[in-house]
Amino acid sequence: MPGTILLGIDVETANESAATYARRGVEFLERRGIRATWYVTGRTLARYPALFLEADRSGAVDLQGHTYDHILLKSVLTEVPPGCTVCGRPDVFFKRGASPAEVDADLARCQQVFEDVLGRRARGLTCPWAYYRGLGDRPDLLEIVYAHGFRFLRSFGRDARDGQPVPMEWPPAFYVPQGFPDVLELMIHDYQDDYLFAEFTGAADASGYPAHLRGVADRVAAEGLVWSLCSHDHNCDTPDAFAAKTAWLGDLADYATSLGIRFLTASAYYAERTAGRTVASR
Ligand SMILES: [Zn+2]
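This section reports on the structure supplied with the text. (Residues numbered from 1 in each chain as written. Predicted model: local features only at pLDDT ≥ 70, side-chain atom pairs only at ≥ 80, totals over all residues. Heavy atoms only, no water.)

## A closer look at the nonpolar core
As a rule of thumb, soluble globular proteins bury nonpolar side chains together.
Link 1 in the chain: Judged by nonpolar contacts, the single largest core of 76 residues is most densely connected at Leu7, Trp38, Phe52 and Trp227.
Link 2 in the chain: Sequence-distant contacts of Trp227, that is, excluding residues within four places in its chain, are made with Thr4, Ile5, Leu6, Met168, His189, Asp190, Leu213, Val216, Ala217, Val220 and Leu252.
Link 3 in the chain: With eleven residues, the next largest nonpolar core counts Leu186, Leu264, Ala266 and Tyr269 among its residues. (Core = buried A, V, L, I, M, F, W, Y, C linked by side-chain atoms within 4.5 Å. Buried < 20%, exposed > 50% of the residue type's maximum accessible area, 1.4 Å probe, protein only. Contact = heavy atoms within 4.5 Å.)

Below is the structure:
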């Protein structure tokens, strides 16, 4: 089996970059015959409802949630690799997570926007910044996301030092030990985007990222792995800027397709993983 890519884009800027991504992104996918999941913040969806409704109906995009206000569900405490600077820090980086009450209120607001704009709730949630172990060590947060209807997550996107890359050997898995057998953690593998590849490798820029990604694709195809791949709508406020931001993604998509790797949306992958299962939901 030549492997699977779950392409997920965080569309979160709630400004012209998000609007341009919505306008150009569908054509980008259709030209390559692939599909993707866009994890959109409620604030972004509320600002550009018509654009995202059109993308949702295109068939190329699976629209899911990324909180309303891009709040962190857990704190991030990153041990910065020697010689690197991450988020402006050379040693340790800390960003505080929201409280469970704040998470509960934010997700309620996010799902209300999905109802208002798309007439449905989101089933998938990318947790901003993503964390080591995802929500695996926080059953209290799993209770909250479950109550709001989320059944597949990208919350596990950092290694044991709360950094990157996330090893490809860690596959998507259900939250069975925590008592949520129908909640699937999709992971975010490798680096979360081109700029984070540069930060965590200490490279001057991301010019080495396309070659790195081709190497990952070779491995995914050879070993039949599932690769949950992430990017963002950052700095996409013009068509030229969109083209520059997605150049590496286009290169990888063409290369992966040539290897026989399939692109699945998160919704399709969740359906595949739960088909025929007899595990009861909570
Ligand atoms: Zn984000």
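## Remarks on the packing of aromatic side chains
The relation between two aromatic rings is expressed through the spacing of the ring centres and the mutual angle of the planes.
Link 1 in the chain: A complete count under the given rule lists 13 aromatic pairs for this structure.
Link 2 in the chain: Here Phe156 and Trp170 contribute two aromatic rings whose centre-to-centre distance is 5.4 Å and whose plane-to-plane angle is 50 degrees, an arrangement assigned as tilted. Taken as a pair, Phe156 in strand S7 (residues 152-156) and Trp170 in the loop between S7 and strand S8 (173-175) lie far apart in primary sequence, 14 residues in all.
Link 3 in the chain: We classify Phe156 as buried; its relative accessible area is 14%.
Link 4 in the chain: Pairwise contacts between aromatic rings join Tyr21, Phe28, Trp38, Phe52 and Phe242 into one cluster.
Link 5 in the chain: Over the ring of Tyr146 we find Arg151; its NZ or CZ atom is 3.5 Å from the centre of that ring.
Link 6 in the chain: If you follow Arg277 out to its NZ or CZ, it ends over the ring of Phe174, 3.8 Å from the centre. (Phe/Tyr/Trp six-rings, centres within 6.5 Å; stacked < 30°, edge-to-face > 60°. Helix = DSSP H or I, 4+ residues; strand = E, 2+ residues; numbered from the N terminus. Lys NZ or Arg CZ within 6 Å of the ring centre and 35° of its normal.)

## Examining the packing of helix H1 (residues 16-32) against helix H3 (residues 49-57)
Link 1 in the chain: Running from amino to carboxyl end, H1 crosses H3 at an angle of 25 degrees, the nearest separation of the two axes being 10 Å. As the angle between them shows, H1 and H3 are arranged roughly parallel. Remark: the crossing between H1 and H3 carries left-handed chirality. Listed contacts from H3 to Ala18, Ala19, Ala22, Arg23 and Val26 of H1 are Leu51, Phe52 and Ala55.
Link 2 in the chain: Classifying every residue of the contact of H1 with H3 gives seven nonpolar, no polar and one charged. (Axes fitted to C-alpha atoms, helices over the stretch in contact; angles between N-to-C directions. Parallel < 35°, antiparallel > 145°, perpendicular 65-115°, else oblique. Left-handed = near helix turned anticlockwise from the far one by under 90°. Nonpolar A, V, L, I, M, F, W, Y, C, P; charged D, E, K, R; others polar.)

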